[in-house]
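Residue strings, one per chain:
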Amino acid sequence: MGAGKSTIGRLLAKELRLPFKDSDKEIELRTGANIPWIFDKEGEPGFRDREQAMIAELCEYDGVVLATGGGAVMREANRRALHAGGRVVYLHASVEQQVGRTARDRNRPLLRTADPAKTLRDLLAIRDPLYREIADLVVETDERPPRMVVLDILERLQQLPPR
Ligand SMILES: Nc1ncnc2c1ncn2[C@@H]1O[C@H](COP(=O)(O)OP(=O)(O)O)[C@@H](O)[C@H]1O
Ligand SMILES: O=C(O)C1=C[C@@H](OP(=O)(O)O)[C@@H](O)[C@H](O)C1
Ligand SMILES: [Mg+2]
């Protein structure tokens, strides 16, 4: 959360002249409800089911830049679909940056805790190995504006061997 997936995904898609899909946004469009409301009504498992179904659907597309929510990696089905479906970029940010970038909006129910920095550290401890397991690229986003991150991704994507 706050690494910049939604922001950088959109910019990257523009550069690549590809459509951009954000699984969170697609779930909101499909349900007519926002993410916090879905967490409130259906709990995290309900949201994860919707997220898994949406990622499976979006991975069917050819030629799309897809941003997921940060927790998508928790389900093996998502990891498999993403890894098999295309190149995976892990956008890394320090917890300090994540806190700063997410402090202003109330859209992330998992960060409504007394100590969001601790929550993010705990989530990262579980998720970081999973991100690395499926990533073709690990890209640092601290101290770099989104445009620079996009240029780095474009350059490094070209250097990857063909699949
Ligand atoms: N590299 C960056 N440097 C500074 N701010 C950023 C960067 N990437 C994203 N942001 C800002 O951080 C906030 C969260 O970004 P977002 O794209 O929603 O992250 P995610 O989808 O990974 O949770 C947004 O306000 C965005 O403008
Ligand atoms: O990390 C998570 O578990 C979540 C991240 C959010 O998306 P972003 O990573 O785009 O903030 C969103 O899917 C939901 O609030 C859960
Ligand atoms: Mg996002």
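As a convention, each chain's residues are numbered from 1 in the sequence order in which they are written. Each chain takes a letter, starting from A, and each ligand takes a number, starting from 1, following the order in which they are written. Restriction of local features to residues with pLDDT of at least 70 applies here, the model being predicted, together with a cutoff of 80 or more for giving and counting side-chain atom pairs; totals for whole chains, interfaces and linings are based on all residues. Neither water nor hydrogens contribute to the side-chain values; these are computed over all heavy atoms in the structure.

Under the annotation held in an unreviewed UniProt entry, the protein carries the name Shikimate kinase and is attributed to Pseudomonas synxantha.

Draft legend 1. Layout of the overall build of the protein. Looking only at helices and strands, one finds seven helices and four strands in the protein. Counting helices and strands in the order they occur from the N terminus, the protein gives α-β-α-α-β-α-β-α-α-β-α. At 15 Å, the protein has a C-alpha radius of gyration in line with the 15 Å of a compact globule built from 163 residues. Projected onto the principal axes, the alpha-carbon positions of the protein cover approximately 45 × 35 × 25 Å. Burial classes: relative accessible area under 20% of the type maximum marks a residue as buried, over 50% as exposed, and values in between as partly exposed (1.4 Å probe, protein chains only). A buried classification covers 43% of the 163 residues belonging to the protein. Secondary structure is summarised from DSSP: a helix means a run of H or I of at least four residues, a strand means a run of E of at least two, and numbering begins at the N terminus for each. Each radius of gyration is computed over the set of C-alpha atoms, and the globule rule expresses the reference value as 2.2 Å times the number of residues to the power 0.38.

Draft legend 2. Up close: the packing of aromatic side chains. Here a Phe, Tyr or Trp ring, Trp counted by its six-membered ring, pairs with any other such ring whose centre lies within 6.5 Å, and the pair is stacked when the planes are under 30 degrees apart, edge-to-face when over 60, and tilted otherwise. Taken as a whole and assessed by the stated rule, the structure comprises two aromatic pairs. Between Phe39 and Phe47, the aromatic rings sit 4.8 Å apart at their centres with planes inclined by 35°, giving tilted as the arrangement. Taking the relative accessible area as the measure of exposure, Phe39 reaches 12% and is therefore buried. Ring geometry for Tyr90 against Tyr131: centres 4.7 Å apart, planes inclined by 35°, an arrangement best described as tilted. One end of the pair, Tyr90, is in strand E3 (residues 89–92); the other, Tyr131, is in helix H6 (residues 116–134), and 41 residues separate them in sequence. Note on accessibility: Tyr90 and Tyr131 belong to one class, buried.

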